[in-house]
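# A structural walkthrough
Each chain, written out:
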Amino acid sequence: MLKRGQSTAFIIIGMLIIIIAIIFSYFTGLQRGLIKETKRSIQLPEHIEAVRSYIDSCIEETVPIAVQLISLQGGYLNPINYLETDNIKINYGYKDKVKLIPSIKIIENEISKSIKEFLPLCLDFSKFPNLKIEQKEASSAVTIKENSIQTRISYLVEITKDDNKFILKNPFINEFPIRLGKIHNTLDSVIDYQIKRNNIDAVNLFLTGFDYSLIKYEDSIIISLADKQSKIKDKDFRFMISTI
């Protein structure tokens with residue numbers, strides 16, 4: 001049986017717990033309100049948001065096309081050691097018993113270079129006649145994952161309207177559902193097999209689930225992998241390398 005003093009102590013402790021809960025709830029609600037208010041306060045002006053959305057749409061248009069071009073050429077924007085066909089230069093993944101397939105890091109750098117080269121071709125700021133827009137060269141960081149490609153593009157743009165100047169400098173961060181990493185891993189293992197066995201591992205190509213083709217061209221063989229789960233302009237994403 002509790003004594004009177006003990007009962008009083010328990011009552012006080014219970015009241016303190018309730019008061020603390022009420023205070024915590026109040027400040028949590030206040031904090032959420034402040035966050036919402038902050039988000040509203042940093043909303044971009046309409047004309048600035050229009051420019052940012054336009055740049056972002058150009059990035060979403062340009063990056064997949066650049067990735068596809070590089071992939072059709074064996075991982076390079078400008079192939080180095082390649083088989084030249086009637087339509088395209090396809091970099092060798094294996095030649096003269098040497099493994100030449102580019103690493104993921106090299107392909108990431110090639111995509112970055114292509115973004116720098118192709119993005120300005122998409123942008124036409126004359127679409128905004130009421131704005132004075134000055135731009136600097138874009139820089140980008142590309143990360144190839146197994147099932148996607150992530151880009152972080154820094155593109156400094158100065159926008160002036162009615163003597164009011166705004167600098168758009170936050171990076172554009174996008175992710176594209178292109179399974180380049182998975183295809184690269186497959187081709188890398190195919191080249192390793194060819195080095196050891198002096199033969200193309202068609203069984204492994206079949207088991208990957210990708211649509212593959214082995215095309216004889218002069219003294220070389222073109223290995224082509226297409227992925228139905230990765231679409232670019234409603235077409236299956238495709239990576240090609242040549243071997244000899």
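Preceding this paragraph is the structure being described.
Throughout what follows, the structure given in this document is the object of discussion. Owing to the predicted nature of the structure, the values given are computational and were not obtained by experimental measurement.

## A short note on the overall build of the protein
Scanning the protein from N- to C-terminus turns up five helices and 12 strands. Looking at the protein residue by residue over its 244 residues, the buried ones come to 37%. Put simply, of all contacts in the protein between residues at least 6 apart along the chain, 59% involve residues at least 24 apart. With an accessible surface of roughly 15200 Å², the protein has 54% of that area assigned to carbon and sulfur atoms.

## Some details on the packing of aromatic side chains
With the rule as written, the count across this model stands at two aromatic pairs. Ring centres of Tyr-54 and Phe-125 lie 6.1 Å apart, and the angle between their planes is 70°; on these two criteria the pair is classed as edge-to-face. Of the two residues, Tyr-54 is situated in helix H2 (residues 46-72) and Phe-125 in the loop between helix H3 (104-122) and strand E4 (132-135); the sequence distance between them amounts to 71 residues. Here the two residues Tyr-54 and Phe-125 agree in accessibility, since each one is buried. Taken together, a centroid distance of 5.5 Å and an interplanar angle of 70° make the contact between Tyr-54 and Phe-128 edge-to-face. Of the two residues, Tyr-54 is situated in helix H2 and Phe-128 in the loop between H3 and E4; the sequence distance between them amounts to 74 residues. Of the two residues, Tyr-54 and Phe-128, neither departs from the other in class, the shared state being buried. One aromatic cluster is present, formed by Tyr-54, Phe-125 and Phe-128 through successive ring pairs. Between the NZ or CZ atom of Arg-52 and the centre of the ring of Phe-172, over which it lies, the distance is 4.1 Å.

## Structural notes on the sheet that holds E4
The three strands are arranged E4-E7-E8 in an open sheet whose pairing can be described as antiparallel. Both edges of this open sheet fall to E4 and strand E8 (164-168), since each of them pairs with a single strand only. With direction set aside, neighbouring strand axes in the sheet form an average angle of 15°. As paired strands, strand E7 (residues 157-161) and E8 are joined by five bridges and run antiparallel to one another. Within E8, the position partnered with Thr-160 by the bridge is Lys-165.

## Some thoughts on the state of the cysteines
Applying the stated rule across the entire model yields one disulfide. With a sulfur-sulfur separation of 2.0 Å, Cys-58 is cross-linked through a disulfide to Cys-122. On the sign convention where negative is left-handed, the bridge of Cys-58 and Cys-122, at about -85° about the S-S bond, is left-handed. Remark: Cys-122 occurs in helix H3 and Cys-58 occurs in helix H2; sequence separation between them is 64 residues. You can call Cys-58 buried: its relative accessible area is 3%. Take Cys-122: its relative accessible area is 27%, and that puts it in the partly exposed class.

Each value, and the rule that gives it
Residues numbered from 1 in each chain as written. Predicted model: local features only at pLDDT ≥ 70, side-chain atom pairs only at ≥ 80, totals over all residues. Heavy atoms only, no water. Helix = DSSP H or I, 4+ residues; strand = E, 2+ residues; numbered from the N terminus. Buried < 20%, exposed > 50% of the residue type's maximum accessible area, 1.4 Å probe, protein only. Contact = heavy atoms within 4.5 Å. Areas by Shrake-Rupley, 256 points an atom, 1.4 Å probe, with all protein chains shown as cover. Phe/Tyr/Trp six-rings, centres within 6.5 Å; stacked < 30°, edge-to-face > 60°. Lys NZ or Arg CZ within 6 Å of the ring centre and 35° of its normal. Pairing = 2+ DSSP bridges. Axes fitted to C-alpha atoms, helices over the stretch in contact; angles between N-to-C directions. Disulfide = S-S within 2.5 Å.

That is the geometry; function is a separate question.
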